[in-house]
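Residue strings, one per chain:
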2 protein chains.
Amino acid sequence: LLVNSERLRADLQTLGEIGWTPGVGLGRTTFSDAHLAARAWFLETARAAGLQTLIDSAANHSAVLPSGEPGARTLLLGSHLDSVAQGGRYDGALGVLCALEVLRSVKDAGLELPMTIEAIDFTDEEGTLVGTLGSWALTGALTPDTLAAPRGGREHLLAELDRMGLTEAGLLAAGRDPATLAGFVELHIEQGPVLERESVDLGIVTAIRGNASFDVTFTGEARHAGTTPMDLRRDAGLGAASLVLAVRHTVMREFPGCVANVGELHLRPGAYNVVPGQARMRLECRSLDDAELDRLADALAAQARSSAAEWDLEVEVAPVGRWTPVATDGEVRAALRRACEALGLSSMELPSGAGHDAQVLVSVTRSGMVFVPSHHGISHGPAEHTTWNDCVNGANVLLRATVDLARSL
Amino acid sequence: LLVNSERLRADLQTLGEIGWTPGVGLGRTTFSDAHLAARAWFLETARAAGLQTLIDSAANHSAVLPSGEPGARTLLLGSHLDSVAQGGRYDGALGVLCALEVLRSVKDAGLELPMTIEAIDFTDEEGTLVGTLGSWALTGALTPDTLAAPRGGREHLLAELDRMGLTEAGLLAAGRDPATLAGFVELHIEQGPVLERESVDLGIVTAIRGNASFDVTFTGEARHAGTTPMDLRRDAGLGAASLVLAVRHTVMREFPGCVANVGELHLRPGAYNVVPGQARMRLECRSLDDAELDRLADALAAQARSSAAEWDLEVEVAPVGRWTPVATDGEVRAALRRACEALGLSSMELPSGAGHDAQVLVSVTRSGMVFVPSHHGISHGPAEHTTWNDCVNGANVLLRATVDLARSL
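**Observations regarding a positive patch on the surface**
On the surface, Arg151, Arg268, Arg280 and Arg282 of chain A cluster together into a patch of positive charge. Position of Arg280 of chain A among the secondary structure elements: in strand β13 (residues 278–287).

Below you can see the structure in the form of structure tokens.
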């Protein structure tokens, strides 16, 4: 039992053109014209294959192959079709396409499974609006608090929901009864360099790193840079610069295996001739262990305070988000391993450094992930690439594991 | 001979309301409604005092008290009525008001001077469009090259000229014959902490610091911050942070008396979870000596290259602008000193760290500046303040020096 690789390849090419600008990348942010076009194409392609389709009140889009058995539970497969602003063709999209191809292959083979299988495209995984919005809604984990302070801003969220004919009440009511779910398997690109470096065909994800993010604001005094002597300044940029270097040193020396990042830094008011009175930074850190994540976050906050003290500044460290590290399901991992072995493909277990819809699903159903290699570890950019052979390997492992799990979970 | 301090105070209060928003500051960027209203008020007030008025083809606005002597040269006094976006009530405005008050006081006293005296409000000193645009135009130093790449963008400049009924040809033709000019005296707030700290009434400016500015861009590789190990990153933020600290250390250790500033810093793409692939910085440095300014700029560029090498990044250091340091005129300084002595006011010589219209005028006529103290050294913000007593002292020194220079230059 193998997927129809020519059909999958054609889909990947067609979908990869929707929102693609040469030299810039893929622009399929949530509810953009390109994103809506990609979702419409997905449902149309599913219907053309004789599959049922479904859109829930969180705008999650699904293709469904129902089981003939009454009361059958559903095995979810899938990922997301939205992208970051200048993304690549593979992140999320490959997982949705492979899920769709699994449904078509099972249908074409005339297999009668004891579970309904559903290929789902989750809404807003990348966080144009909220981040993993669709998977939160589907698991019932979405709260009014989350919608009150969304990543992309409250006004933007409300305007976009209105424009799409969605409501907050609908988002909060989209939760499925966990008893109807049997599991979730997400195929995704690794987004890191490990599989390529180790020359391994596929990765079986053991756990997903937890993550804590912060907005750090140093405040000094904005002064004329031509008239204020160097030793009379309270330059917020110096605190920020010290912290950028300290974050790296702290992680490298005291938290091996963890990562941290200063992803954004702004100085205000932002002119050549004004000593910065304010520096605003976006900081995050990740660990596979919950207690270690707390220790790491505490250590970085302490660094921020000592950088502020060093340069006579005030500092505020405001928590933005926190994800608890989670383990994937052992049954799902075992099915993926059996599928690799049966197909003669090499595999290794590895953690996921990135967050995924599976991280949310794990709280309500047996969930797991399979990674295909990312060339040079690149993701979230136009150079994102997975070889065609690796894509087909991933699809075939997903197909075999799906059949296995549909009969065993 | 003293100014009418009540009249000056009323003017300062009236003008300070034009464009003022409580809690925000003064919004009189070039050609904004508030700026145009301030300029209209200035000409109207001059006419009400029986002075002539003049608008040249660079939109410089002047009040004129003509000399009775045929062929008399002109002694220019003044500064600018435009402000930065969230500025204060004193920067530029106080110099224009004191110049106007000098003309009225001379006229009221019935003094017949052998020179025409002119109170001028130069266009766009702060650089909403170009920076010292009016003084460049008046000295004939404006070039098509400067207008081709203005600080506020070429399209914005053209649109604003068009809206105001101005033309590039008019700007380029606004130069005055230097033979018609006798000198220029600018009263301005210090914008630094020295006079207040030293408890000195007035500052006599010896020189204006030269300034070299640069855009520095570090380029590494944007990568997923959750999946890319710390030791496999090429994080542009690390190069930028190293340079921020190195700039300060280099100036403090090797260039005492100079200043430098990193006023802006952006990381791209700018997300919590993306290792920055690019860091863009706005850097400037200042010195009173031309050769030292070059050495300082070279040393900072070398620091940028070594920061890049340290973190395996590329770096580009692009020059943005350069101002040669200039000395003020000895005759003007002497007249200001005599005026302070005659009035029993303390004074000290000091350099100007900030740029001014006088920096441009110095190339065509004997030019000098007098500083009044700035409370806490604050400028370019709503907290900008000079005590009323200091304002009156400055106006009286300007009046006395004007009469002195009109008879001696």
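The rest of the description comes next.
**A few points about the pattern of salt bridges**
Evaluation of the coordinates by the stated rule reveals 40 salt bridges over all chains. One network of salt bridges, in which partners are shared, links Arg7, Asp11, Glu101, Arg104 and Asp108 of chain A.

**Digging into the sheet that holds β13 of chain A**
All names here are of chain A. Pairing in this open sheet of four strands is antiparallel, and the strands run β11-β13-β9-β14 from one edge to the other. Two strands lie at the open edges of the sheet, namely β11 (259–268) and β14 (314–323), each paired on one side alone. Between one strand and the next, the sheet's axes are offset by a mean angle of 15 degrees, whatever the strand orientation. The sheet strands contacting helix α10 (residues 290–310) are β9 (210–219), β11, β13 and β14, and the helix crosses β14 at an angle near 160 degrees.

**Points about the nonpolar core**
Of all hydrophobic cores here, the largest spans 68 residues; its most connected members are Phe218, Met281 and Cys285 of chain A together with Phe218, Leu265, Met281 and Cys285 of chain B. Met281 of chain B has contacts with Phe214, Asp215, Val216, Phe218, Ala240, Leu243, Val244, Val262, Glu264 and Leu265 of chain B, leaving out every residue within four places of it along the chain. Within the second largest apolar cluster, 57 residues are counted, among which are Ala34, Trp41, Tyr90 and Cys391 of chain B.

**Overview of the environment of Thr365 of chain A**
Residues and elements named next belong to chain A. Checked against the element boundaries, Thr365 lands in the loop between α12 (357–361) and β17 (367–372). Taking the C-alpha atoms as reference points, Thr365 and Ala179, separated by 186 residues in sequence, lie 8.7 Å from one another. Apart from the residues lying within four places of it in its own chain, the contact partners of Thr365 are Leu181, Ala182, Gly183 and Phe184.

**Looking at the relation of the copies chain B and chain A**
Each copy superposes on the other: chain B lies on chain A with an RMSD of 0.4 Å after a rotation of 180 degrees and an axial shift of 0.4 Å. Expressed as an axis order, the relation between the two copies is that of a two-fold axis. Ranked by how close their C-alpha atoms come to the rotation axis, the residues of chain B are headed by Ala241 of chain B, at 2.1 Å. Most of the interface of chain B is mirrored in chain A, where 100% of its interface residues are also at the interface.

**Some details on the interface of chain B and chain A**
Counting residues at the interface gives 61 residues for chain B, matched by 61 residues for chain A. Between chain B and chain A, the buried area comes to about 4900 Å², and carbon and sulfur atoms account for 59% of it. Its largest share of buried area at the contact with chain A, chain B owes to Met230, Arg248 and Tyr272 of chain B, together 18% of the area lost on that side. If you look at where chain B meets chain A, you find zero salt bridges. In this assembly, chain B and chain A are joined by 19 residue pairs in polar contact (both at pLDDT 80 or more). When contributions to the side of chain B that touches chain A are tallied by element, the ones reaching two or more residues are β9 (210–219), β10 (223–224), α9 (236–254), β11 (259–268), β12 (274–275) and β13 (278–287) of chain B.

**Observations concerning the sheet that holds β9 of chain B**
Residues and elements named next belong to chain B. Reading across from one edge, β11-β13-β9-β14 is the order of the four strands in this open sheet, with antiparallel pairing throughout. At either margin of the open sheet sits one strand with a lone partner, and together these are β11 and β14 (314–323). Here the average twist between neighbouring strands, direction ignored, is 15 degrees. Bridge count between β9 and β14: nine bridges; the pairing is antiparallel. In the sheet register, Thr219 faces β14, and the bridge partner there is Glu314. Here helix α10 (residues 290–310) sits on the sheet and contacts β9, β11, β13 and β14; the angle it forms with β14, its principal contact strand, is near 160 degrees.

**Points about the side chain of Thr74 of chain B**
All names here are of chain B. Positionally, Thr74 belongs in strand β5 (residues 74–79). Here Thr74 falls in the buried class, since its relative accessible area comes to 12%. Not counting residues up to four positions away in its chain, the partners in contact with Thr74 are Thr116, Glu118, Thr180, Leu181, Ala182 and Gly183.

**Re helix α3 (residues 93–108) of chain B**
Residues and elements named next belong to chain B. In a regular helix each residue adds 1.5 Å, so 16 residues correspond to 22 Å; α3 covers 22 Å between its end C-alpha atoms and thus fits that length. Within α3, 14 of the 16 residues are buried, which leaves it mostly tucked inside the rest of the structure. Looking one or two residues past α3, Gly110 carries a phi angle of roughly 70 degrees, positive in sign.

**Considering the environment of Ile117 of chain B**
All names here are of chain B. In this fold, Ile117 is placed in strand β6 (residues 116–121). Between the alpha carbons of Ile117 and Gly183 there is a distance of 9.9 Å; along the sequence they are 66 residues apart. Each residue touching Ile117, except ones within four places of it in the same chain, is listed here: Ala63, Val64, Leu65, Leu75, Leu103, Val106 and Thr402.

**Description of the packing of aromatic side chains**
How two aromatic rings sit relative to each other is given by the distance of their centres and the angle of their planes. Residues and elements named next belong to chain B. For the structure on display, the rule yields four aromatic pairs over all chains. When the ring of Phe122 is compared with that of Phe184, the centres are 5.7 Å apart and the planes differ by 80 degrees; the resulting orientation is edge-to-face. Here Phe184 lies in strand β7 (residues 181–189) and Phe122 lies in the loop between β6 and α4 (133–139), a separation of 62 residues in the sequence. Plain terms: the ring middles of Trp136 and Trp323 are 5.4 Å apart, the flat faces sit at 5 degrees to each other, and that makes the pair stacked. Here Trp136 is found in helix α4, whereas its partner Trp323 is found in strand β14, with 187 residues between them in sequence.

Scoring rules and cut-offs
- Residues numbered from 1 in each chain as written.
- Chains lettered and ligands numbered in written order.
- Predicted model: local features only at pLDDT ≥ 70, side-chain atom pairs only at ≥ 80, totals over all residues.
- Heavy atoms only, no water.
- Patch = residues over 30% accessible without salt bridge, like charges linked within 9 Å, V, L, I, M, F, W, Y side chains within 5 Å.
- Areas by Shrake-Rupley, 256 points an atom, 1.4 Å probe, with all protein chains shown as cover.
- Salt bridge = Lys/Arg side-chain N within 4 Å of Asp/Glu carboxyl O.
- Lys, Arg positive; Asp, Glu negative; His and termini not counted.
- Charge placed at Lys NZ, Arg CZ, Asp CG, Glu CD.
- Helix = DSSP H or I, 4+ residues; strand = E, 2+ residues; numbered from the N terminus.
- Pairing = 2+ DSSP bridges.
- Axes fitted to C-alpha atoms, helices over the stretch in contact; angles between N-to-C directions.
- Contact = heavy atoms within 4.5 Å.
- Core = buried A, V, L, I, M, F, W, Y, C linked by side-chain atoms within 4.5 Å.
- Buried < 20%, exposed > 50% of the residue type's maximum accessible area, 1.4 Å probe, protein only.
- Least-squares fit on C-alpha atoms with pLDDT ≥ 70 in both.
- Buried area = accessible area lost by both parts, 1.4 Å probe.
- Polar contact = N/O pair within 3.5 Å; in protein donor to acceptor, adjacent residues only side chain to side chain.
- Expected span 1.5 Å × (residues − 1).
- Phe/Tyr/Trp six-rings, centres within 6.5 Å; stacked < 30°, edge-to-face > 60°.

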